[in-house]
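Read off the chains here:
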Amino acid sequence: MASVWEAKSTTPAKKKKSRGQAWTDRWLKGSVAKPLKHVVFAMQLPSLSGGGGTFSPKTPKVSLSNSKPAYPSPKLSKDKLQTFIISNLSDIVDRTRLLNDEILLKILSFLPDSQRKSNCLVCKRWLNLQGRLVRSIKILDWEFLESGRLIARFPNLAYVDLINGCVVTPVDSSIYLNHRLVSAHLDSRVSGFSLNWRVCEENLLPVEIVDRGLTVLANGCPNLRRLAVIGATQLGLLSVAEECPTLQELELHRCNDNVLRGIAACSNLQILKLVGNVYGLYGSLVSDVGLTILAQGCKRLVKLELSGCEGSFDGIKAIGQCCQMLEELTVCDHRMDDGWLAALPFCENLKTLRLLSCKRIDPVPGPDEYLGCCSALETLHLERCQLRDQNGVRALFKACETVREIVVHDCWGLDDEAFSLASTCRRVKLLYLEGCSLVTTEGLESVLLSWNEIENVKIESCKNVHDAAISPELSNLFSGLKQLRWRPDSKSVLAAGLTGTGIGERGRKFFKKS
């Protein structure tokens, strides 16, 4: 018996196979989990003496299973405690629930806009809170507004664009219209063009539906500050004026004189854009009657844009006399009667005058003794206008004698004779010409030498202005300027940049005449 015991005791014991580390142990030993370790051990775990465990007031209450305790026993080792916590991360409650909505909204407001979509996917609460931070939106589906889902989803909107939503999109449309005012899909059954073809006339929502949507929007967004819509009537705009007293900017397409009665009720309106007639899209009429109603109601206007509107001397005069705070006037593709330029001096505080896409300025401006000057005008901006009418150009520069800046972009018909009329503006400090192909170096020189206060000159894409034609007088003028941007001819700039590179000379080397 003793020998058997001794034999058993003398035999060497078999080595136990070493157990490989679990993936949790390997992960916890890495440097990646160090921040997580600090977070886990900083949490105040309750004392779990016993199976059920007791909770401290600082620890959120979680559901416990009957088979396993919610937390490991305090007697477990440190490694096993880490492994248990990592394997039960899903049981940890959302700590953001301890914050009320106001504090969490403040935190979310500091995040960049690029994280809005990802924040909305966290939970339903974050989705609702993120919707309260949205201030501007562009509506593509009118049902989203009329059903009330827009107000429920975004209750604090300040800017709403309804232009694209007012256009009915046909099913399976293969034609997409992209205009500077509206972009929408069109009915593919429409073929051909005509003189009176208006592509958006039949695809617009009925005015009753538009007014109903404006009423829903006004009742849900009392803090609305900016609105853009097509085809609204007087009733719809009156509801907006009554429910949204803070409305400051309005963009209204396809408006007429009757609609302007509703706009006149917006007493705090400061920026207004009226679009009456757009060639090929839709048509409407804005005359002196509507401009007078507008001027008597919106006396706090600062910026006004008239696009495709009709009118005359009386309408512009009423705006100048009633809207004494008007500082910027934009006239786009106007259809005004002759003589409307003579009413500009009534705008005593006007600082900026913009003419965009005008096929004519004022063919019959009237006698010179009736043409006044806007004393406060500082900037004259002409873009994509036809300046072939010498009388209209002369009247325009006479009304803008006090301007400090003249900007001309891509205007047709501006030759040396028409540009020489700008010499009446003696206080010009900045000249910017771009795309004026009829102006020559001699015409530019004659005007620049007549301006004694000129400081900044920018000449771009004027192909008849050449470096070789610059006189010594013009060169001395350029040397005293604060800023000079001289790129009249793109070909000359390209040739100067390629000098010495060998580009453009290889053909002469390999393709010589025999």
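If you're wondering where the values come from, they're calculated on a predicted model, not measured in any experiment.

Rules used throughout
- Residues numbered from 1 in each chain as written.
- Predicted model: local features only at pLDDT ≥ 70, side-chain atom pairs only at ≥ 80, totals over all residues.
- Heavy atoms only, no water.
- Helix = DSSP H or I, 4+ residues; strand = E, 2+ residues; numbered from the N terminus.
- Buried < 20%, exposed > 50% of the residue type's maximum accessible area, 1.4 Å probe, protein only.
- Contact = heavy atoms within 4.5 Å.
- Areas by Shrake-Rupley, 256 points an atom, 1.4 Å probe, with all protein chains shown as cover.
- Salt bridge = Lys/Arg side-chain N within 4 Å of Asp/Glu carboxyl O.
- Axes fitted to C-alpha atoms, helices over the stretch in contact; angles between N-to-C directions.
- Parallel < 35°, antiparallel > 145°, perpendicular 65-115°, else oblique.
- Left-handed = near helix turned anticlockwise from the far one by under 90°.
- Nonpolar A, V, L, I, M, F, W, Y, C, P; charged D, E, K, R; others polar.
- Core = buried A, V, L, I, M, F, W, Y, C linked by side-chain atoms within 4.5 Å.
- Phe/Tyr/Trp six-rings, centres within 6.5 Å; stacked < 30°, edge-to-face > 60°.
- Lys NZ or Arg CZ within 6 Å of the ring centre and 35° of its normal.
- pLDDT = per-residue confidence, 0-100.

**Here's the deal with the overall build of the protein**
Logical step 1: From N to C terminus, the protein includes 20 helices and 15 strands.
Logical step 2: Out of the 514 residues in the protein, the part that is buried amounts to 41%.
Logical step 3: Sequence-distant contacts, at least 24 apart, represent 66% of the contacts inside the protein between residues at least 6 apart.
Logical step 4: Accessible surface, the protein: about 29,500 Å² in total, of which carbon and sulfur atoms supply 53%.

**Regarding the pattern of salt bridges**
Logical step 1: Applying the stated criterion to the full structure yields 11 salt bridges.
Logical step 2: A salt bridge links Asp 333 to Arg 335, with the nearest nitrogen and oxygen atoms 3.5 Å apart.
Logical step 3: Across the salt bridge formed by Glu 383 and Arg 384, the nearest N and O atoms sit 2.9 Å from each other.
Logical step 4: When its relative accessible area of 32% is taken as the criterion, Arg 384 is described as partly exposed.
Logical step 5: Within the structure, one salt-bridge network assembled from shared partners comprises Lys 303, Glu 328 and Arg 354.

**Concerning unusual backbone geometry**
Logical step 1: Its identity is not glycine, yet Ser 357 carries a phi of approximately 50 degrees, on the positive side.
Logical step 2: Notably, Ser 461 is not glycine yet its phi reads approximately 55 degrees, a positive angle.
Logical step 3: Within the fold, Ser 461 resides in the loop between strand 14 (456-460) and helix 18 (472-479).
Logical step 4: Overall, Ser 461 belongs to the partly exposed group, its relative accessible area being 47%.

**What to know about the packing of helix 5 (residues 101-109) against helix 7 (residues 124-133)**
Logical step 1: Running from N to C, helix 5 and helix 7 point in directions that differ by 65 degrees, and their axes come no closer than 10 Å. If you check the angle between helix 5 and helix 7, you find them roughly perpendicular. Regarding helix 5 and helix 7, the two cross each other, and that crossing is right-handed. Here Asp 101, Leu 104, Leu 105, Leu 108 and Ser 109 of helix 5 come into contact with helix 7, specifically with Arg 125, Trp 126, Leu 129, Gln 130, Arg 132 and Leu 133.
Logical step 2: For the contact of helix 5 with helix 7, a count of residues per class yields 6 nonpolar, 2 polar and 3 charged.

**Focus: the nonpolar core**
Logical step 1: Among the nonpolar cores identified, the biggest contains 110 residues, and Leu 162 and Ile 263 are the most heavily contacted of them.
Logical step 2: Residues contacting Ile 263, with those up to four places away along its chain left out, are Leu 237, Leu 250, Leu 252, Leu 269, Leu 272, Leu 274, Leu 294 and Cys 298.
Logical step 3: Formed by 6 residues, the second largest nonpolar core is a distinct cluster that contains Leu 104, Leu 108, Trp 126 and Leu 129.

**Here's the deal with the packing of aromatic side chains**
Logical step 1: This model, assessed by the stated rule, comprises 2 aromatic pairs.
Logical step 2: Positioned above the aromatic ring of Tyr 159 is the side chain of Arg 226, whose terminal nitrogen or guanidinium carbon lies 4.1 Å from the ring centre.
Logical step 3: Cation over ring: Lys 458 sits above Tyr 432, and NZ or CZ is 5.7 Å from the ring centre.

**Details of the confidence of the model for the protein**
Logical step 1: Put simply, the protein has an average pLDDT of 78, and 72% of its residues get 70 or more.
Logical step 2: Confidence drops under a pLDDT of 50 for residues 37-68, and excluding neighbours within four residues, the segment shows 34 contacts in the predicted structure.

**Remarks on the environment of Glu 251**
Logical step 1: Among the secondary structure elements, Glu 251 is positioned in strand 6 (residues 249-253).
Logical step 2: Considering only alpha carbons, one finds Glu 251 and Ile 230, 21 residues apart in sequence, at a separation of 8.5 Å.
Logical step 3: Look past the residues within four positions of Glu 251 in its chain and what remains in contact with it is Ile 163, Leu 227, Ala 228, Val 229 and Lys 273.

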